[in-house]
Amino acid sequence: ALHARVQQLQSLVPQAPGTPRSDHGGDGASANAAAAAAMGGAGSYTTAQAAQADAQRMREECFTLDRALAALVGDLQAKEEQLEQLAGDVGKYRQGMAELGATKAALYREHVRAKSAWMEERRTLTERAKRADTECEANRVEAKDAQLLVERLKPGVESGLKEALSAGRRRPAVL
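Reading the values: the criteria
- Counting restarts for each chain: residues are numbered from 1 in the order of the written sequence.
- For this predicted model, a pLDDT threshold of at least 70 governs which residues receive local features, and a threshold of 80 or more governs which side-chain atom pairs are given and counted, while totals over whole chains, interfaces and linings are taken from all residues.
- Excluding hydrogens and water, the side-chain figures rest on all heavy atoms present in the structure.
- Secondary structure elements follow DSSP: runs of H or I no shorter than four residues count as helices, runs of E no shorter than two count as strands, and numbering proceeds from the N terminus.
- When checking whether two residues touch, look at their non-hydrogen atoms; a contact exists if any pair is within 4.5 Å.
- Calculation of accessible area relied on Shrake-Rupley with a 1.4 Å probe; when residues are assessed, cover is drawn exclusively from the protein chains displayed.
- For every residue, the predictor reports its confidence as pLDDT, a number between 0 and 100.
- Salt bridges are counted wherever a side-chain nitrogen of Lys or Arg sits within 4 Å of a carboxyl oxygen of Asp or Glu.

Asker: What is the right way to read the overall build of the protein from this model?
Answerer: Tallying secondary structure elements over the protein gives 4 helices and 0 strands in all. Listing the helices and strands of the protein from first to last along the sequence gives α-α-α-α. Taking the intrachain contacts of the protein between residues at least 6 apart in sequence as the baseline, contacts between residues at least 24 apart amount to 59%. For the protein, the exposed area adds up to about 13900 Å²; of that, 59% sits on carbon and sulfur atoms.

Here you go:
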């Protein structure tokens, strides 16, 4: 809106009476005098003065708008510099986030590897524990059989000896 108003005023300034023009050659006063003479009289000269006052007011408004525009351009340049600095900061943060993401991914891969190794070790140890339990049970049964055999082999127990020998032969065949 400000820019449009400045353009409008600038387009009106060369058309206003009393403004220096290149086709008249000379200053604004001679142009005003020529305009007053052409209009023929004192009343026309007052109109020329009013037009000149309007032109002067427009020039002042243009000058004020030019200063405001220059201030806005300065503010805009400051904001652009600030944006460039922020863009650099954003780039640094993006790089940091990318590095953080890579670290996170590496840590997760390490976690998955450690977890799978732990699961494998747990499975192996569980199998070994089952084998040890089975072996322990088999050893308990053998110990019980050996104890029975020892009791039957005591002097005076002949019939128990035959039974123990036949049970001992059957047991290995079953296992």
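There's more to say after this.
Asker: Can you walk me through the confidence of the model for the protein in this structure?
Answerer: One rule of thumb: low pLDDT means the predicted coordinates there are not for detailed reading. Per-residue confidence for the protein averages 78 on the pLDDT scale, and 65% of its residues sit at or above 70. Considering each helix and strand of the protein separately, the mean pLDDT is smallest for helix 2 (residues 28-39), with a value of 47, and largest for helix 3 (residues 42-152), with 90. Every residue in residues 16-42 scores below 50 in pLDDT, and together they form 23 contacts with partners more than four places removed in sequence or on other chains.

Asker: Please clarify how the pattern of salt bridges should be interpreted in this entry.
Answerer: Where charged atoms of side chains with opposite charge meet at close range, the side chains can pair. Throughout the structure, instances matching the rule amount to 5 salt bridges. A salt bridge links E127 to R123, with the shortest nitrogen-to-oxygen separation between them at 2.6 Å. Within this pair, E127 and its partner R123 are both found in helix 3, separated by 4 residues, close to a single helical turn. One network of salt bridges, in which partners are shared, links E120, R123 and E127.

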